[in-house]
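Below, each chain spelled out in residue letters.
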Amino acid sequence: MTRSALPSATHARARAGAGMALAAIVCVQIGIAASVGLFDDVGPEGTAALRLAWAGVILLVLVRPRPSEFSRRGLVASAVLGVVTGALTLCFMAAVARLPLGTASALEFLGPLGVAVARGRGAVKVWPAIAAVGVLLLTEPWHGAADAGGIAFALAAAACWAAYILLTQAVGDEVAGIQGLAVSMPVAGIVALLVARPDPAVALTPHLLLAGIGLAVLLPVIPFALEMLALRRLTATAFGTLMSLEPAVALIVGLVGLHQTPGPGPVVGILFVVVAGIGAQRGGARRSAARPVGDGAEAALARA
């Protein structure tokens with residue numbers, strides 16, 4: 001290969017990686033929007049439980065984690081990560097049941113934004129200020145129209161997402177490959193089932209059985225595969241910047257799939273959060289990581 005061909009090949013890999021990352025984002029948001037259709041049958045908590053439980057089963061079958069591959073610290077970290085994943089998914093589904101998808105996604109994104117800002121260097125204080133303006137425009141407290149419970153659940157999901165990122169990096173430092181995810185996801189499914197307690201007579205009907213398995217494949221199995229492939233072609237900064245577009249994608253999916261038409265204030269608010277996310281991610285790279293590729297991929301699955 002000639003020297004002139006090398007930049008071209010690199011750019012082609014980067015474009016392919018960006019396409020995969022964006023496809024993963026769209027897949028995640030479509031999966032969340034599709035989950036709303038099950039709320040009438042099993043409620044938001046039951047929907048989260050079914051999705052997590054089947055995702056756990058799928059990953060157990062595909063990965064087949066071996067106890068010998070884990071240190072005691074790695075196994076405990078994976079289990080704690082599962083508890084946080086369950087709480088994250090339950091809180092976010094409860095928020096989506098009360099708020100437009102774009103608003104819930106933007107508020108939830110404050111979690112990774114906070115992590116990026118905490119790790120940032122230089123003039124990072126501007127990004128929380130921009131995000132704060134976005135949150136005010138999203139919630140419009142002067143109208144008193146936003147659902148307080150939905151906002152609380154979305155902010156709880158944001159806190160869980162921040163914890164999820166830190167725990168995923170800890171697991172990635174202790175456990176090889178995606179073995180940790182194959183432990184954390186079944187734990188998350190068990191936690192969600194214990195909290196939601198869906199009626200087995202309803203949850204195991206052919207319709208909900210197929211829907212639960214289908215949603216588990218749509219979110220997280222397919223996005224995870226896409227994100228793994230994307231991270232082999234992109235830097236962590238580029239990947240994080242693309243992930244910052246998620247609230248905007250959620251707004252579009254909510255508009256098209258759920259017919260949620262936002263006002264001008266929330267639209268501008270989401271743009272503020274996206275800009276803050278992009279800025280913080282570009283200055284908030286992890287200072288050291290044992291397994292940077294695995295860490296990034298698993299942390300991106302925050303709503304698995």
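Conventions adopted
- Residues numbered from 1 in each chain as written.
- Predicted model: local features only at pLDDT ≥ 70, side-chain atom pairs only at ≥ 80, totals over all residues.
- Heavy atoms only, no water.
- Helix = DSSP H or I, 4+ residues; strand = E, 2+ residues; numbered from the N terminus.
- Buried < 20%, exposed > 50% of the residue type's maximum accessible area, 1.4 Å probe, protein only.
- Areas by Shrake-Rupley, 256 points an atom, 1.4 Å probe, with all protein chains shown as cover.
- Salt bridge = Lys/Arg side-chain N within 4 Å of Asp/Glu carboxyl O.
- Core = buried A, V, L, I, M, F, W, Y, C linked by side-chain atoms within 4.5 Å.
- Polar contact = N/O pair within 3.5 Å; in protein donor to acceptor, adjacent residues only side chain to side chain.
- Contact = heavy atoms within 4.5 Å.

(A) Geometry of the overall build of the protein chain. Along the backbone of the protein chain there are 14 helices and zero strands. Along the protein chain, from the amino end to the carboxyl end, the secondary structure elements read α-α-α-α-α-α-α-α-α-α-α-α-α-α. For the protein chain, the proportion of its 304 residues judged to be buried stands at 50%. Total accessible area computed for the protein chain in this model is approximately 13,300 Å², and 69% of it derives from carbon and sulfur atoms.

(B) Just the pattern of salt bridges, in detail. The full count for this structure, using the stated rule, is one salt bridge. For R73, the salt bridge goes to E174, with nearest N and O atoms at 3.6 Å. With R73 in helix α3 (residues 72-96) and E174 in helix α7 (residues 148-174), this residue pair connects regions lying 101 residues apart in the sequence. Under the relative-accessibility criterion, R73 is labelled exposed at 62%. Judged by relative accessible area, which is 27%, E174 ranks as partly exposed.

(C) Up close: the nonpolar core. In terms of nonpolar packing, the biggest core is built from 74 residues, with I32, F92 and L101 touching the most fellow members. Counting seven residues, the second-largest nonpolar core is a separate cluster that includes V42, L50, A203 and A211.

(D) The side chain of S184, seen in detail. Here S184 is to be found in helix α8 (residues 179-196). According to the relative accessible area criterion, S184 is buried, its value standing at 1%. Within polar-contact distance, the side chain of S184 engages the backbone oxygen of L181 at 3.3 Å. Residue contacts for S184: discarding those within four places in its chain leaves S78, L81 and G82.

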